[in-house]
Amino acid sequence: MAQVLMKDLNKKYDEVHAVKDVNLHIRDKEFVVLVGPSGCGKSTTLRMVAGLEEITSGEISIGERVVNDLPPKDRDIAMVFQNYALYPHMTVYDNMAFGLKMRKFPKAEIAKRVHEAAEILGIQELLKRKPRQLSGGQRQRVAVGRAIVRHPQVFLFDEPLSNLDAKLRVQMRVELKRLHDRLETTAIYVTHDQVEAMTLGDRVVVMKDGWVQQVGEPLELYSKPANRFVAGFIGSPAMNFIEVGIKDGGALWAETAGFRVKIPPDRAERLKSYAGQPVTVGIRPEDLRLATGGDSSDHTFDAVVDVVEPLGSEILLDVKAGSNTMVARVEPTVRVKVHEPIRLALNAERLHFFDKKSEAAI
């Protein structure tokens with residue numbers, strides 16, 4: 001396996017600047033996920049690593065080699081695409097063996113590698129079938145198997161699960177993670193699904209408009225987002241955002257119509273310079289709950305239930321507090337009705353604050 005280095009990587013299509021000064025160091029055997037909304041530059045970045053897109057400027061190294069001018073076949077990478085790209089007229093065995101045949105591998109070595117990969121993926125009984133005889137999940141395994149037999153330095157995955165149904169996606173996520181642990185491969189994985197990113201990645205790269213917004217371990221992105229975009233993108237349901245003013249009355253308060261909360265001392269130190277100014281406060285749905293008699297009024301507020309979404313293991317409450325709408329994730333035992341007034345308590349230690357103009361975390 002090998003490390004992958006991207007230095008000042010840029011991609012322009014005429015007037016469109018799709019990837020902007022990307023600098024990433026993907027370590028040997030690391031599973032890194034590029035995530036972001038459609039058009040953020042993540043697939044373009046992956047395709048530049050693969051050699052399928054020409055680099056406008058910058059440098060890509062795989063292992064010890066700079067690969068800018070190498071064709072894809074010489075980069076020692078294997079790619080798994082969204083549509084699997086299987087040859088419909090070939091059997092599963094021939095699909096998996098095709099790349100090795102093109103490289104003039106001996107028949108015995110090809111057979112050994114194909115059967116080893118088929119055993120790892122549990123598709124031994126499918127080797128004589130054609131792709132049309134396979135389910136979506138089986139085709140996806142074949143596409144991964146075709147990559148495994150190559151024994152590449154780096155695996156590249158371009159949204160490989162997006163064509164699968166929700167249940168199968170969850171199952172395949174687990175299988176891909178298990179496969180990575182077993183093969184100890186270097187992998188770069190692209191997805192628009194932040195749940196996929198959080199569950200698969202050793203580290204996650206969040207992108208927006210061609211820029212890298214933040215790189216970190218999944219829980220680091222969740223608990224310490226660098227800016228409002230990362231905070232809103234990571235986490236499901238998404239973080240609630242409320243525009244508030246910072247008021248200094250001995251203690252610091254974040255307040256707006258229908259919402260007022262005391263800022264904990266450790267946060268207050270950083271927010272003192274914002275007194276009298278508007279900021280954005282972020283509250284994750286899981287940091288809200290129904291208030292009890294023992295909760296301090298400093299960290300509770302009144303709301304009205306707008307929508308109740310029972311999900312079995314939890315209930316999501318869409319509520320209004322003044323003119324502010326937000327989502328609270330509460331216990332499945334909670335029983336409230338639409339239009340019912342309630343009182344919510346928040347975990348003040350886990351509030352997030354963002355500069356109104358720059359949107360950077362404060």
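Described in the following lines is the structure provided in the data block. These numbers come from a predicted model, not from an experiment.

The rules behind the values
- Residues numbered from 1 in each chain as written.
- Predicted model: local features only at pLDDT ≥ 70, side-chain atom pairs only at ≥ 80, totals over all residues.
- Heavy atoms only, no water.
- Phe/Tyr/Trp six-rings, centres within 6.5 Å; stacked < 30°, edge-to-face > 60°.
- Helix = DSSP H or I, 4+ residues; strand = E, 2+ residues; numbered from the N terminus.
- Buried < 20%, exposed > 50% of the residue type's maximum accessible area, 1.4 Å probe, protein only.
- Salt bridge = Lys/Arg side-chain N within 4 Å of Asp/Glu carboxyl O.
- Contact = heavy atoms within 4.5 Å.
- Expected span 1.5 Å × (residues − 1).
- Pairing = 2+ DSSP bridges.
- Axes fitted to C-alpha atoms, helices over the stretch in contact; angles between N-to-C directions.

1. Some points on the packing of aromatic side chains
Pairs of aromatic rings are described using the distance from one ring centre to the other and the angle between the two planes. The tally for this structure, following the rule as stated, stands at 8 aromatic pairs. On the basis of an interplanar angle of 65 degrees and a centroid distance of 5.1 Å, the ring pair of Phe259 and Phe301 is categorised as edge-to-face. Taken as a pair, Phe259 in strand 13 (residues 259-262) and Phe301 in strand 16 (residues 300-310) lie far apart in primary sequence, 42 residues in all. Phe301 matches Phe259 in its accessibility class, with the two residues each being buried. Each residue in the set Phe31, Phe155, Phe157 and Tyr189 is aromatic and connected to the rest through ring pairs, giving one cluster.

2. A closer look at the pattern of salt bridges
Pairing between side chains of opposite charge can happen when the charged atoms of each approach one another. With the rule as written, the count across this model stands at 21 salt bridges. With a shortest N-O distance of 3.3 Å, Glu116 and Lys112 are connected by a salt bridge. Of this pair, Glu116 and Lys112 both sit in helix 3 (residues 107-121), 4 residues apart, which is roughly one turn of that helix. Using a relative accessible area of 35% as the deciding quantity, one classes Glu116 as partly exposed. Assessed through its relative accessible area of 46%, Lys112 is described here as partly exposed. Several salt bridges converge on common partners, so that one network encompasses Lys11, Arg47 and Glu53.

3. Examining the environment of Gly232
You can see Gly232 is positioned in helix 8 (residues 228-233). Using a relative accessible area of 23% as the deciding quantity, one classes Gly232 as partly exposed. Considering only alpha carbons, one finds Gly232 and Ile263, 31 residues apart in sequence, at a separation of 21 Å. Apart from residues no more than four positions distant in its own chain, Gly232 is found in contact with Ala238 and Phe241.

4. Here we look at helix 4 (residues 136-148)
Helix length check: helix 4 (13 residues) gives 18 Å between terminal C-alpha atoms against 18 Å at 1.5 Å per residue, within 8%. Looking at helix 4, one finds that the buried residues are Gly137, Gln138, Gln140, Arg141, Val142, Ala143, Val144, Gly145, Arg146, Ala147 and Ile148. Looking at the buried residues of helix 4, the elements they touch are strand 6 (77-80), helix 2 (92-102), helix 3, strand 7 (154-158) and helix 5 (166-183).

5. With respect to the pairing of strand 17 (residues 315-321)
With 5 of 7 residues buried, strand 17 is to be regarded as a mostly interior element. Sheet topology places strand 16 next to strand 17; 6 bridges connect them, and they run antiparallel. The residue bridging Val308 from the neighbouring strand is Leu317, located in strand 17. A loop of 4 residues connects strand 16 with strand 17, the two strands running antiparallel in sequence, and Gly312 in this loop sits at a positive phi of about 90 degrees. Here strand 17 runs beside strand 18 (residues 324-330); their pairing, made up of 7 bridges, is antiparallel. Considered in strand 18, the bridge of Val319 is made with Met326. Linking two consecutive strands that pair antiparallel, namely strand 17 and strand 18, is a turn of 2 residues; a positive phi of about 65 degrees is found at Gly322 within it.

6. Details of the sheet that holds strand 11 (residues 240-249)
On the basis of which strands lie adjacent, the open sheet formed by 5 strands has the order 13-12-11-14-20 and antiparallel pairing. Looking along the sheet, the strands with just one partner apiece sit at the ends: strand 13 and strand 20 (352-355). Direction aside, the axes of adjacent strands within the sheet are offset by 35 degrees on average. For strand 14 (residues 278-283) and strand 20, the ladder comprises 4 bridges, and the chain directions are antiparallel. Bridge pairing links Thr280 to Phe354 in strand 20.

7. So, unusual backbone geometry
The omega angle of the peptide bond from Ser236 to Pro237 is -5 degrees, so this bond is cis rather than trans. With a phi close to 50 degrees, Asp209 is a non-glycine residue in the positive phi region. By the secondary structure assignment, Asp209 is in the loop between strand 9 (203-208) and strand 10 (211-216).

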